[in-house]
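Structural description and commentary
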Amino acid sequence: MAVLCSFDARKSRYSSCVSFRLLFVLVFVLTVAHGQVRYSIPEEMNKGSVVGNIVQDLGLDVKRLKSGRARIFTEDSREYIGLNVDRGTLVVRERIDREELCAQVTPCSLHFQIILENPMELHRIDVEILDINDHAPVFARKEINIDVGELAVPGARFSLDNAQDPDVGLNALQKYTLNPTDHFSLKDVTDSDGMKYVEMVLKTPLDREEKEQHNLVLSAFDGGSPPKSGTVKVNVNVMDANDNSPVFSQPVYRASLSENSPKGTVIVTVNASDRDKGANADVVYSFSQSSGKALDLFNIDAHTGDITVNGDLDFEKNKQFQLNVEATDKGGLKDSSKVAIELVDVNDNAPVMSVISFSNPVAEDSAPGTVIAMLNVKDLDSGKNGQVKCTIDSNLPFKIQQSTSNFYSLVTERVLDRETTPEYNITIRATDEGSPSFSTNKTLQLKISDVNDNAPVFQRQSYTAYVMENNTPGVSIFAVTASDKDSGNNARISYFLEDVLVNGVSASTYISVHAESGEILAVRSFDYEQTKEFNIRVKAQDGGNPPLSSNVSVKIIIQDQNDNAPQVLYPVQTGGSVVAEMVPRSADVGYLVTKVVAVDVDSGQNAWLSYKLQKATDRALFEVGAQNGEIRTVRQVTDKDAVKQKLTVVVEDNGQPSRSATVNINVAVADSFPEVLSEFTDFTHDKDYNDNLTFYLVLALAVVSFLFIVSIIAILSVKCYRWRRERLFYKSGANLPVIPYYPPLYADVGGTGTLQHVYNYEVCRTTDSRKSDLKYVRPSSESIISLDTSGTQTLTHAQRGKLTSDSVDQVR
Ligand SMILES: *[C@@H]1O[C@H](CO)[C@@H](O)[C@H](O)[C@H]1NC(C)=O
Ligand SMILES: *[C@@H]1O[C@H](CO)[C@@H](O)[C@H](O)[C@H]1NC(C)=O
């Protein structure tokens, strides 16, 4: 403590300073009484500070102190205060801490003796140590943590630490304060031991969700001047209680999803928050049972809230779903929300096509626009994905038309022709407009049915056929063929002979036509010498309704056969009479005796005649001109030559084989007629001649007998044939095709190639037309003698003419 007085000019200041000094002196002096001095000093004075002047206060002088060897005696060894002998003052030797010396004891004093020798003197000195406020209140901990449940009710108390202040008295701890005070207040409590401490009392309820930690400061103040304080942090942790329900972030969650999304696809994530903490904030998500059958299709992750696909989502079955979701915390508090899921159509359905009706086959003459098929097309998808278009190949003569929304008809667009295209494969393609689009194909196999729109066509414009004369009746001459582009009955061709006149009679007397094969058959045997050629027309008719037909002309040319022997016109052969050519004996070499004149009714080579001398009485005398038939002498006639000369000349045609005739010529070599006559009288009685005559008579008799037997058999055969023919008609019915029928009056021939017998032919045709029913009988005399090889050929033709052995009766 320093007292400073400043003597400045102001009087009033001086006086106040004086009064302060007086008070100070009074304090010290009061303690000096009866050799006992008391001093009071504050603690913590600096070393050397003067505590008191004992010379004054004890009434001693400095010399006495020196002489008496004054010193301080303390009972304990510590000397806080020393004696300055020179000055007679007590000074502070060591730091004096009241709290160390006395703690809480008051008053706190130091007691010691000042000892003087010569004479011995004892003076007791008391120094009271006064407290100064040198300590602030101190809390043992830096901070205090207190956990408070958020549900704690107001009034709840929480004890706090006490602060310590070693000072005493006013300088000791006086009061506490707490800041802030919005939730808590302080309360001083004195317990039964008299111990004072503070409590914190909850004023208003806490809410962890609002503020989880409250940081308070507890301050302790002492009563010093100025006061000192100490503080401690009070951390109030509000402990969570499950006082909040989970809350979904949205009342409704909306999501759209394409159908057919794979399992596990996350659709939407629901989220509920719970303002509580820790376990109280753990939310579990679930579907509520009210969601119905959608529960099978979706899944919810209990912890993340992810809603995923768990089944097959088909837009065609269900377009939208509503799910009710719940969030539950550990304490069982709940919130619920809705999830609206809308499916988006994906083009996952191909169009489906069904044929309602189908006209098959369709006739080739159907008019354009004829309906062939009706179709129904469906697509389960919606919107563009379900819009379907039907198409067909544009090359086809058909088109597809939409009649109503889902119905289509397939109609013809052009005229059809079965002969060009008998069948169509119509592929109908239904395509939807999705992206990518689906399509379906359907193939209709349409057959075009035939209509008789094509007439038969002959292969050629006209035909020429050749036949040898003397053919066997019934022989096949030729065959015509026609074709028809239609099919079935419309292409079944029958051939007919047109009824034209040939040589003034019906053509059917010459020719018949096989209805099925188109074969042209000779009805009779032709004779080139009578008819060289003729024309017929053959008609081909199909089986359509109505039938179509065409005709063709066939020229039939009859070819010559060497069937006529040459006929000698001169010299005339007159049975018994003898004619002789005269040759005078004087005739020169090359004298023309006579000329053989012959003709042949055949033609060509068959009528080309040559002459040969066959026999002669004297071969050296005559010759015959091979070409002209002139008989001339070769040498001079002599007297030795017989009068009667006989020549046989053969006239031969050039046919293959050739035919011939012989002529006998009598030549008389004489100069006068009587000479001749005498020589020739035995001519008629020629032995050869008589032999021949007998032969001819026998032959004539045989022929007559033969003819008689033949006639009898012929009559019987005709009867028999008529009876059989009636039976045949009865069996076959009326609509038989035309079959040439050869009656039994037909003779076989021997294998020699030579016709040896007489034949009668009767040819009958069973047709439905009267006019083709003909009978032709060939006179037997015409074929009596036939030596040619063409007989073999004729036989072959006859066998081809469908003659069977049981339809032929052999006649001898
Ligand atoms: C139509 O299809 C059938 C079977 O696939 C086939 O046999 C026939 O040849 C086809 N016809 C045409 C004209 O392509
Ligand atoms: C034969 O055909 C021609 C056309 O080719 C026709 O003019 C004629 O009338 C037909 N004849 C008969 C008899 O049908």
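The present account deals with the structure reproduced in this document.

Calculation criteria
- Residues numbered from 1 in each chain as written.
- Chains lettered and ligands numbered in written order.
- Predicted model: local features only at pLDDT ≥ 70, side-chain atom pairs only at ≥ 80, totals over all residues.
- Heavy atoms only, no water.
- Helix = DSSP H or I, 4+ residues; strand = E, 2+ residues; numbered from the N terminus.
- Buried < 20%, exposed > 50% of the residue type's maximum accessible area, 1.4 Å probe, protein only.
- Pairing = 2+ DSSP bridges.
- Disulfide = S-S within 2.5 Å.
- Near = heavy atom within 4 Å.
- Polar contact = N/O pair within 3.5 Å; in protein donor to acceptor, adjacent residues only side chain to side chain.
- Areas by Shrake-Rupley, 256 points an atom, 1.4 Å probe, with all protein chains shown as cover.
- Axes fitted to C-alpha atoms, helices over the stretch in contact; angles between N-to-C directions.
- Contact = heavy atoms within 4.5 Å.

Residues serine 435 and proline 436 are joined by a peptide bond in cis, for which omega reads 0°. The omega torsion of the bond from glutamine 656 to proline 657 falls at -10°, within 30 degrees of zero and hence cis. Within the fold, proline 657 resides in the loop between strand E52 (644-653) and strand E53 (660-669). In the Ramachandran plot, arginine 69 falls in the positive-phi region, its phi being about 45° despite a non-glycine side chain. Given a relative accessible area of 53%, arginine 69 falls into the exposed group. One non-glycine residue, asparagine 503, lies in positive phi territory at about 50°. As for its placement among the helices and strands, asparagine 503 is situated in the loop between strand E39 (501-502) and strand E40 (505-506). A residue is classified by how much of its surface remains accessible, and asparagine 503, at 53% relative accessible area, is exposed.

Our focus in this paragraph is the pairing of strand E4 (residues 81-84). By the bridge criterion, four bridges tie E4 to strand E5 (residues 89-92) in an arrangement that is antiparallel. By the bridge assignment, glycine 82 is partnered in E5 with valine 91. Hairpin remark: E4 followed by E5, antiparallel, with four residues in the connecting loop; positive phi at glycine 88, about 75°.

Let us now look at the state of the cysteines. Inspection of the entire model under this criterion finds one disulfide. With a sulfur-sulfur separation of 1.6 Å, cysteine 102 is cross-linked through a disulfide to cysteine 108. Disulfide cysteine 102-cysteine 108: the torsion about the S-S bond is 60°, which places it as right-handed. Neither cysteine 102 nor cysteine 108 differs from the other in exposure class; each is buried.

This part is about the site of ligand 1. If you check the shell around ligand 1, you find Glu423, Asn425 and Gln445 and nothing else. For ligand 1, a nitrogen atom lies 2.9 Å from a polar atom in the side chain of glutamate 423. One of the side-chain nitrogen or oxygen atoms of asparagine 425 is found 2.4 Å away from an oxygen atom of ligand 1. Out of a free accessible area of 360 Å², ligand 1 has 34% covered by protein chains.

Spatially, E1-E7-E6-E3 is the arrangement adopted by the four strands of the open sheet, whose pairing is mixed. Edge positions in the sheet fall to strand E1 (36-42) and strand E3 (71-73), since each of these pairs with one other strand and no more. Sheet twist, expressed as the mean angle between neighbouring strand axes with direction ignored, is 30°. In this sheet, strand E7 (residues 121-130) lies alongside strand E6 (residues 108-116) in antiparallel orientation, the contact comprising nine bridges. The partner of isoleucine 114 across the bridge, within E7, is histidine 123.

Moving on, we get to the side chain of asparagine 606. Here asparagine 606 shows up in the loop between strand E48 (597-599) and strand E49 (609-616). Taking the relative accessible area as the measure of exposure, asparagine 606 reaches 11% and is therefore buried. At 2.8 Å, the side chain of asparagine 606 and the side chain of aspartate 560 are in polar contact. With near-sequence residues (within four places) excluded, asparagine 606 lies in contact with Asp560, Gln561, Asn562, Asp600, Asp653, Gly655 and Gln656.

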